[in-house]
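Structure at a glance
If you want the building blocks of each chain, they are given just below.
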Amino acid sequence: MIKSILRQLVFSLIALVFLTLIVFVLSNMVKGNTIDVFRAENPDMSQETYEALVHELGYDKPVIVRYLNWLGDALHGDFGTSTATNRPVTEILAQRIGPTLLLSGMAMLVCILIGIPLGVMSAYKPYSIWDNISSFIAFCSSALPGFMLCLFAVFIFAVNLRWFPTSGMYTANGSHTFGDLLMHLVLPMFVLGMRMVGNIIKQTRSAVLEVMNEDYIKTARSKGLGEFAVLVKHALRNAMIPVITTIALSVPYMVGGSVVIEQIFSWPGMGSMIISSINSRDYEPVLGATLVICMTVLVVNFVLEFVYLIIDPRLRKGR
């Protein structure tokens, strides 16, 4: 068990360094930086001032040296300073991470509450009306791009029916109440959740169908257990490992893939911050957000190992 934990921890740290290095190198390969943007807005800037700013911000150093300096500061909790706003990146992330986690967490809850029951019903009654409905939802979820779902949701529920607002986290100049937050959360949560619910439906259906003909299912039925108990306590529990894996693989999209959703609905999370930072060539917040997203995904994968052991005791052998 201890060896497994240590091995997973080492792999997580290596992956974290590798991913942040890729993002850092790619961001430095983009033509232009914050100083170039500022110089374009202020054409009277002298060459001496430009070179002084480049030296002060370290843009004249090799990329690997700058990355090692950034990584060393990040390990001490210093993610740098935004060159566009002159604010610490940790302060910016502290304001943005809460809305993103709220949106991603609620969207994941929507996925689980819709996807798993529909997948179980599809497996229990294949080729029935439930199976057809589930297949249609899974097809739409997988085929429609996120921005199209956003447009459909806004057109139907915001423009025509006028049930929900289209932007922001709260009403402008309004009271920040829970009800107001919930009304603004519904549409982006629904769209983000529906983008991944199809995978959970298909994986749940496949996994439950695979175990429905096992001997322990027949034994449970022969003992007089109801179909609900057979499905939940025996079939679903033994089919949960691939389902949980699918849910875990959805976490990177929920956290990092919400960039488009946040931008369309003007949700004040890390996604909209990343877009605005890229547009202003301000890469420090992008690197900080990347590090937070990577750490979130790695922590989820780390916890997943223990969830596997809890659900299936057979995996404890040899650990």
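Just so it is clear, the model here is predicted, and its values are computed rather than measured.

1. Focus: the pattern of salt bridges
- Applying the stated criterion to the full structure yields two salt bridges.
- With a shortest N-O distance of 3.2 Å, Glu-91 and Arg-87 are connected by a salt bridge.
- By relative accessible area, which is 27% here, Arg-87 ends up partly exposed.
- Here Arg-205 ties to Asp-131 by a salt bridge, and the two come within 2.9 Å at their closest N and O atoms. Taken together, the residues span a long stretch of sequence, with Arg-205 in helix H8 (residues 178–211) and Asp-131 in helix H6 (residues 129–143) at a distance of 74 residues.
- Arg-205 sits in the partly exposed class, given a relative accessible area of 22%.

2. Brief notes about the nonpolar core
- Trp-70, Phe-79, Leu-93, Ile-116, Val-191, Val-208 and Met-254 are the most contacted members of the largest nonpolar core, which has 70 residues in total.
- Among the elements that take part in this core, H8 stands out by supplying 14 residues, more than any other.
- Residues within four places of Phe-79 in sequence aside, it is in contact with Trp-70, Ala-74, Val-89, Thr-90, Leu-93, Glu-284, Gly-288, Leu-291 and Val-292.

3. Points about a nonpolar patch on the surface
- A cluster of nonpolar side chains, namely Phe-18, Leu-19, Ile-22, Val-25, Leu-26, Met-29 and Val-63, defines an oily patch on the protein surface of about 610 Å² accessible area.
- The element contributing the most residues to the nonpolar patch is helix H1 (residues 2–29), with six residues.
- Mapping Val-25 onto the fold places it in helix H1.
- Exposure remark for Val-25: the relative accessible area of 31% places this residue in the partly exposed category.

4. Notes on the confidence of the model for the protein
- In this model, the protein carries a mean pLDDT of 78, and residues with pLDDT of at least 70 account for 90%.
- Across the protein, the secondary-structure element scoring lowest on mean pLDDT is helix H2 (residues 34–41), at 68, and the one scoring highest is helix H5 (residues 89–124), at 86.

5. Digging into unusual backbone geometry
- In this structure, Tyr-127 takes a positive phi of about 65° despite not being glycine.
- With a relative accessible area of 73%, Tyr-127 lands in the exposed category.
- Here Ser-266, not a glycine, exhibits a phi torsion of approximately 55°, which is positive.
- Secondary-structure assignment places Ser-266 in the loop between helix H12 (259–264) and helix H13 (270–279).

What counts, and at which threshold
- Residues numbered from 1 in each chain as written.
- Predicted model: local features only at pLDDT ≥ 70, side-chain atom pairs only at ≥ 80, totals over all residues.
- Heavy atoms only, no water.
- Salt bridge = Lys/Arg side-chain N within 4 Å of Asp/Glu carboxyl O.
- Buried < 20%, exposed > 50% of the residue type's maximum accessible area, 1.4 Å probe, protein only.
- Helix = DSSP H or I, 4+ residues; strand = E, 2+ residues; numbered from the N terminus.
- Core = buried A, V, L, I, M, F, W, Y, C linked by side-chain atoms within 4.5 Å.
- Contact = heavy atoms within 4.5 Å.
- Patch = residues over 30% accessible without salt bridge, like charges linked within 9 Å, V, L, I, M, F, W, Y side chains within 5 Å.
- Areas by Shrake-Rupley, 256 points an atom, 1.4 Å probe, with all protein chains shown as cover.
- pLDDT = per-residue confidence, 0-100.

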